[in-house]
Amino acid sequence: MARQARAEITRDSVLAGAADVFLRLGYANASLSEIIAQSNVTKGALYFHFGSKEELARAVVDQGNERLVSACQGFFDPRVPALEASIGITYVVADLTMNDPMVGAMLKLTHQIGDYRGASGDNIAKTWGETHRLLAERAVAQGDLKSDLDPDTIGMLLQEMTAGVHITAVGTDSIDQMAVRMERLWYFLLPSIVPEEKLAYFREFAARRLRRYVP
């Protein structure tokens, strides 16, 4: 049991070090020697757990996504209004991108690896796309989205919005602005998708969520 515990600690150290390196250098420029140095493990210890840089990167994708899913768990409660959940999830993505290297590396790697899959083989983009679609479907049924809107279209739009904010923040070296930009996007998007009588409420809701992350 002690040996197994040590092995898990070593694996976690490698993943944490890899996340830092991938986040800083990107997938193409990251080297296993740099990850070994960052993780403070031996070459043999790294290869005991991961056979290649790609295998290690996909494991980071899986762990980062697990952390993101865990952080969003409260929004999957059916008692939470679906549009509020959709808004909340986008801020969690911004917050963890800014403050959790594992999630930040996961989001960066999904674009850079190219197929959006972790070691488990699941397509992260498709999974989150379905989450956004289901929330949009519920929000229409709850009367918080306009009744003539197509949930598939809105779900895809919300995923594209979230991914776009992240890609732009990474590309312009402005990760610390993600939450603020998310609020601005909601401010301008909401008039197109919510009934007029609910616009003020959801704009204020989005603004209040921002204040959780930006004093």
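Note that the coordinates shown come from a computational prediction; the quantities given were computed from them, not determined experimentally. (Residues numbered from 1 in each chain as written. Predicted model: local features only at pLDDT ≥ 70, side-chain atom pairs only at ≥ 80, totals over all residues. Heavy atoms only, no water.)

Novice: Account for the UniProt feature "domain: HTH tetR-type" (unreviewed entry) in the chain, with residues named and values stated.
Specialist: As recorded in UniProt, the sites labelled "domain: HTH tetR-type" (unreviewed entry) are residues 8–68. Taken end to end, residues 8–68 has its terminal C-alpha atoms 21 Å apart, with 87% of it in helix and 0% in strand. (UniProt positions renumbered as here; feature names shortened; annotations may be inferred. Helix = DSSP H or I, 4+ residues; strand = E, 2+ residues; numbered from the N terminus.)

Novice: Quick rundown of the UniProt feature "DNA-binding region" (unreviewed entry) in the chain? Include the residues and the values.
Specialist: Mapped onto this numbering, the UniProt entry annotates "DNA-binding region" (unreviewed entry) at residues 31–50. Taken as a whole, residues 31–50 contains 75% helix and 0% strand, while its terminal C-alpha atoms sit 14 Å from one another.

Novice: If you had to explain the layout of surface pockets to someone new, which residues and values would you point to?
Specialist: Computed from the structure, the largest pocket encloses a volume of approximately 330 Å³. Along the wall of the largest pocket there are 18 residues; nearest its centre are Leu 107, Ala 125, Trp 128, Gln 159 and Ala 163. Per element, the largest residue contribution to the lining of the largest pocket is six residues, and it comes from helix 8 (residues 151–171). Approximately 190 Å³ is the volume attributed to the second largest pocket. Leu 23, Thr 97, Gly 104, Val 170 and Ile 175 are the residues nearest the centre of the second largest pocket, which is lined by 15 residues in total. Looking at the lining of the second largest pocket, the elements that each hand over two or more residues are helix 5 (82–99), helix 6 (101–113) and helix 8. Looking at the lining of the second largest pocket, the element that brings in the most residues is helix 5, giving four residues. Of the residues belonging to the lining of the second largest pocket, the class tally is seven nonpolar, five polar and three charged. (1 Å grid on protein atoms, 1.4 Å probe; cavity = no way out; pocket = protein on both sides within 12 Å on 5 of 7 lines; lining within 4 Å. Points joined across faces, edges and corners; volume = space filled by probe spheres on them. Nonpolar A, V, L, I, M, F, W, Y, C, P; charged D, E, K, R; others polar.)

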